[in-house]
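Working through the structure, step by step
Now for the letters of each chain:
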Amino acid sequence: QQQVKQSPQSLIVQKGGISIINCAYENTAFDYFPWYQQFPGKGPALLIAIRPDVSEKKEGRFTISFNKSAKQFSLHIMDSQPGDSATYFCAASRYNFNKFYFGSGTKLNVKP
Amino acid sequence: DAGVTQSPTHLIKTRGQQVTLRCSPKSGHDTVSWYQQALGQGPQFIFQYYEEEERQRGNFPDRFSGHQFPNYSSELNVNALLLGDSALYLCASTRTGNEQYFGPGTRLTVT
């Protein structure tokens, strides 16, 4: 059973637009939800993370929205830039356990 | 401050062989986790080491084993390689309870 489901699989956005990636999780014991950005040939890089005690967290152009009752969370990238073109992964874990369950990834292409 | 480093970068092995991958955690980190990332997929948790002991394990067979040294560096060993073991192997480190940082990975190809 897949613990974290991610959509869409791929996304094309115009420069300056908003990119939205969604994730849903199964295990209500999860209490740490990071997003990672991965460029080809590189390891995933931590972008932003949220704990379930808040519904939203913003860092620069990146925002996580969290809906505990629906067991869903999403990443919003405002003013998307071509340099944001990468694969994005959501993940979930129990805090302090560091055993992450990853989504299947979203390949984002920002058109100039 | 060096981040997580892994070696080698690329590796080609034959079915049935054994392989050892190496990881040095970020300075100050004491916990090392290993993940397998198949092409086009998200990383899958293999196991985690803390204080030189395996603390957690994912759904991987016993052919996958590891070790952590007193300086917190770690090795991943895979015996009896199968074609399906071809993947990017990622090491991630953390100081217990904090954000996890990934290395660049080792690309393993089994022929």
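Along each chain, residue indices are assigned from 1 in the same order as the chain's sequence is written. As a convention, the first chain written is A and the first ligand written is 1, with the rest following in written order. In view of the model being predicted, local features appear only for residues whose pLDDT reaches at least 70, and side-chain atom pairs are presented and counted only at 80 or more, with totals across whole chains, interfaces and linings using the full set of residues. Water and hydrogen atoms were dropped before computing side-chain values, which therefore reflect all heavy atoms in the structure.

Whether two residues are in contact is decided by their heavy atoms, any of which lying within 4.5 Å being enough. Facing 24 residues of chain B, the contacting portion of chain A comprises 18 residues. Note on terms: buried area is the combined drop in 1.4 Å-probe accessible area of two parts once they are placed together, counting the loss on both. Buried area between chain B and chain A, both sides added, is near 1500 Å², and the carbon and sulfur share of it is 50%. By salt bridge we mean one thing: a side-chain nitrogen of Lys or Arg within 4 Å of a carboxyl oxygen of Asp or Glu. Taken together, chain B and chain A are joined by zero salt bridges. Definition of a polar contact: a pair of N or O atoms within 3.5 Å, with one able to donate and the other able to accept a hydrogen when the atoms are protein atoms, and with sequence-neighbouring residues admitted only if both atoms are side-chain atoms. Counting across the interface, chain B meets chain A through three residue pairs in polar contact (both at pLDDT 80 or more). The numbering of helices and of strands both runs from the N terminus, where a helix is a DSSP run of H or I of at least 4 residues and a strand a run of E of at least 2. Mapped by element, the contributors of at least two residues to the side of chain B that touches chain A are strand 4 (31-37), strand 5 (44-50), strand 6 (53-57) and strand 9 (87-94) of chain B. Each residue gets one label: Ala, Val, Leu, Ile, Met, Phe, Trp, Tyr, Cys and Pro are nonpolar, Asp, Glu, Lys and Arg are charged, and the others, such as Gly, are polar. Counted by class, the side of chain B that touches chain A contains seven nonpolar, 14 polar and three charged residues.

The subject of this paragraph is the sheet that holds strand 7 (residues 64-68) of chain B. Residues and elements named next belong to chain B. A sheet is described by the order of its strands in space; here four strands give the open sequence 1-3-8-7, paired in antiparallel fashion. The open sheet has two free edges, formed respectively by strand 1 (5-7) and strand 7, since each of these has just one partner strand. Strand-to-strand, the axes of this sheet are offset by a mean angle of 20°, without reference to chain direction. Sheet analysis places strand 3 (residues 19-24) next to strand 8 (residues 74-78), joined by five bridges and oriented antiparallel. Looking across to strand 8, one finds that Cys-23 is bridged to Ser-74. At least two DSSP bridges between two strands are needed for those strands to be called paired. Geometry is summarised by axes, namely lines fitted to C-alpha atoms with helices restricted to the contacting stretch, and by angles between N-to-C directions that run from 0 to 180 degrees.

The subject of this paragraph is the nonpolar core. Core analysis: the biggest nonpolar cluster contains 24 residues, and Phe33(A), Trp35(A), Phe73(A), Leu75(A) and Tyr88(A) have the highest contact counts within it. If you list the elements that add at least two residues to this core, you get strand 2 (10-14), strand 3 (19-25), strand 4 (33-38), strand 5 (45-50), strand 7 (62-67), strand 8 (72-77), strand 9 (86-92) and strand 11 (106-111) of chain A. Setting aside its immediate chain neighbours within four residues, Tyr88(A) contacts Gln6(A), Ile21(A), Tyr36(A), Gln37(A), Leu47(A), Leu75(A), Ile77(A), Gly105(A), Thr106(A) and Leu108(A). Joining through side-chain atoms within 4.5 Å is the link that ties buried Ala, Val, Leu, Ile, Met, Phe, Trp, Tyr and Cys residues into a set, and such a set is a nonpolar core. Exposed residues in this analysis have more than 50% of their type's maximum accessible area, buried residues have under 20%, and partly exposed residues fall in between, with area computed by a 1.4 Å probe over protein chains only. Formed by 20 residues, the second largest nonpolar core is a distinct cluster that contains Trp34(B), Tyr49(B), Cys91(B) and Val110(B).

On to the pairing of strand 3 of chain A, then. Residue and element names in this part refer to chain A. Only one face of strand 3 is buried, namely the one carrying Ser-19, Ile-21, Cys-23 and Tyr-25, since none of Ile-20, Asn-22 and Ala-24 on the opposite face is buried. The pairing of strand 1 (residues 4-7) with strand 3 spans four bridges and is classified as antiparallel. Within strand 3, the residue paired with Lys-5 across the bridge is Ala-24. Direction of pairing for strand 3 relative to strand 8: antiparallel, over a ladder of six bridges. Its bridge partner lying in strand 8, Ile-20 is registered against His-76.

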